[in-house]
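# Architecture at a glance
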Amino acid sequence: MLEVRNLTVHFGGVKALDGAMLTAPRGSVSALIGPNGAGKTTFFNCVTGLYRTGAGSVAWEGKDLTGLQPHHVAAEGLSRTFQNLALFTSLTVRQNVLAGTHRLGKAGFPRGVLRLPSTRREEKELGHIADAAIDEVGLSAFRDEPVGGLPYGTLKRVELARALASDPVLLLLDEPAGGLSHSEVDELRELILAIRERRELTVLLVEHHMGFVMSMCDHITVMNFGRTIAEGSPAAVQSDPAVVEAYLGAPA
C-alpha cells in the first residue's frame, strides 16, 4: 500500500502541506479530495518526486520513496497523469504514448546510436506496448493523429494511455474527470474500474467531481489547508462534521 506520513511543504511563507497523511490500500481505488487550494496537487507532486518535502515520509509497499527523483519513483512502478495536460502537442498519439514506455527500455544511448539488432527488437516490443495501451483506452482511431488538434476528453485518455504504457503498479490520476461531459465521466469511471480489475492496479485519484468519486472509490482521504481532516469509506467521510464544514462552512 501507499503510506504517506506527516508531509510538510513550504513555498516561501506559504505552508502548502502541514503534516498531511494518507493511506491507499493495495488494490483499492482511493481518492484525495478537498476544496480548492487544499494542497492536493502539491501532495501528488511530492509523492511522485516533482517537489521536495520539508518533512514527512512517502512509502510504497514498505519502500521509502521520500526524496527520490521522479524517474526513480517511476522505476518503482508509480505512474501519473497531470491536472494541466502535459502532452507533446506536435507529436502523434502513438508518439506521446511511446514516451510512457521509456522506463521499460534497456538499450541506452550508445546502442541506440549504433542501431543494433537488439535495439530494433526492443523498439518493436515497446511499440507493441504503446499500441496495446492505446487500444485499451479506446483511441485506436486516433493512433497517428497529432494530439494538438484533438478534443479535450480525448487528450485526457492519451495521458491515461501514456501512464499505462509504463506498466505501473500504482496509478495516480490528477483530476481525470475535470472538464469532461456527463457521458464522458460515466465512460471514464467504467474504463478506470475495468483497467484496475484487468491490470490488478492500485489507483489513487485527485478529483472535484463528487459523484464520480463516491460512485467508484473504496477509500477517501479529505484535505483542507494542507492538513488531512478525514479518512475512510465514502459514507464515513460524507458524514464527517469536519468535511461538511470544509465544503459548506461553519454555521454563523
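Predicted model, so just to flag it, every value in this text is computed and none were measured.

### What about the layout of surface pockets?
Its volume calculated, the largest pocket comes out at about 550 Å³. Lining the largest pocket we find 20 residues, and of these Pro70, Ala74, Leu78, Ser79 and Arg80 sit closest to its centre. Within the residue set of the lining of the largest pocket, elements represented by two or more residues are helix H2 (70–75), strand S6 (78–80) and helix H6 (152–164). In terms of residues, the lining of the largest pocket owes the most to one element, H2, which gives five residues. Along the lines of polarity and charge, the residues of the lining of the largest pocket split into 11 nonpolar, six polar and three charged. Residue contributions to the lining of the largest pocket reach at least three from each of two domains, namely domain 1 (1–77 + 168–252) and domain 2 (89–167).

### Observations regarding a nonpolar patch on the surface
Nonpolar side chains collect at one region of the surface, where Phe11, Val14, Leu50 and Tyr51 lie side by side and expose about 360 Å² of accessible area between them. Positionally, Val14 belongs in strand S2 (residues 14–24).

### Observations regarding the sheet that holds strand S4 (residues 55–60)
Pairing within the open sheet is antiparallel, and its four strands lie in the order S2-S1-S4-S5. A single partner strand is all that each edge strand has here, and the edge strands are S2 and strand S5 (63–64). Bridge count between strand S1 (residues 2–11) and S4: five bridges; the pairing is antiparallel. Bridging across to S4, Arg5 finds its partner in Ser57. Running at roughly 110 degrees to S1, helix H1 (residues 40–47) makes contact with S1, S2 and S4 of the sheet.

### Regarding helix H10 (residues 241–248)
For H10, the N-terminal cap is Asp240; the gap from its side-chain oxygen to the backbone nitrogen of Ala242 is 2.9 Å. Positive phi shows up at Gly249, right after H10, with a value of about 90 degrees.

### Thoughts on the nonpolar core
The biggest cluster of nonpolar side chains holds 41 residues, and the ones touching the most others in it are Val97, Leu160 and Leu205. It is H6 that provides the largest number of residues to this core, a total of six residues. If near-sequence neighbours (up to four positions away) are discounted, Leu205 is found in contact with Val29, Ser30, Ala31, Leu32, Phe44, Leu173, Pro176, Phe212, Val213, Met216 and Cys217. Leu7, Leu17, Ala20 and Ala38 belong to the second largest nonpolar core, which has 24 residues in total.

About the criteria used
Residues numbered from 1 in each chain as written. Predicted model: local features only at pLDDT ≥ 70, side-chain atom pairs only at ≥ 80, totals over all residues. Heavy atoms only, no water. 1 Å grid on protein atoms, 1.4 Å probe; cavity = no way out; pocket = protein on both sides within 12 Å on 5 of 7 lines; lining within 4 Å. Points joined across faces, edges and corners; volume = space filled by probe spheres on them. Helix = DSSP H or I, 4+ residues; strand = E, 2+ residues; numbered from the N terminus. Nonpolar A, V, L, I, M, F, W, Y, C, P; charged D, E, K, R; others polar. Domains from an automatic or database assignment. Patch = residues over 30% accessible without salt bridge, like charges linked within 9 Å, V, L, I, M, F, W, Y side chains within 5 Å. Areas by Shrake-Rupley, 256 points an atom, 1.4 Å probe, with all protein chains shown as cover. Salt bridge = Lys/Arg side-chain N within 4 Å of Asp/Glu carboxyl O. Pairing = 2+ DSSP bridges. Contact = heavy atoms within 4.5 Å. Axes fitted to C-alpha atoms, helices over the stretch in contact; angles between N-to-C directions. Polar contact = N/O pair within 3.5 Å; in protein donor to acceptor, adjacent residues only side chain to side chain. Core = buried A, V, L, I, M, F, W, Y, C linked by side-chain atoms within 4.5 Å. Buried < 20%, exposed > 50% of the residue type's maximum accessible area, 1.4 Å probe, protein only.

The values are spatial; any link to function lies outside them.
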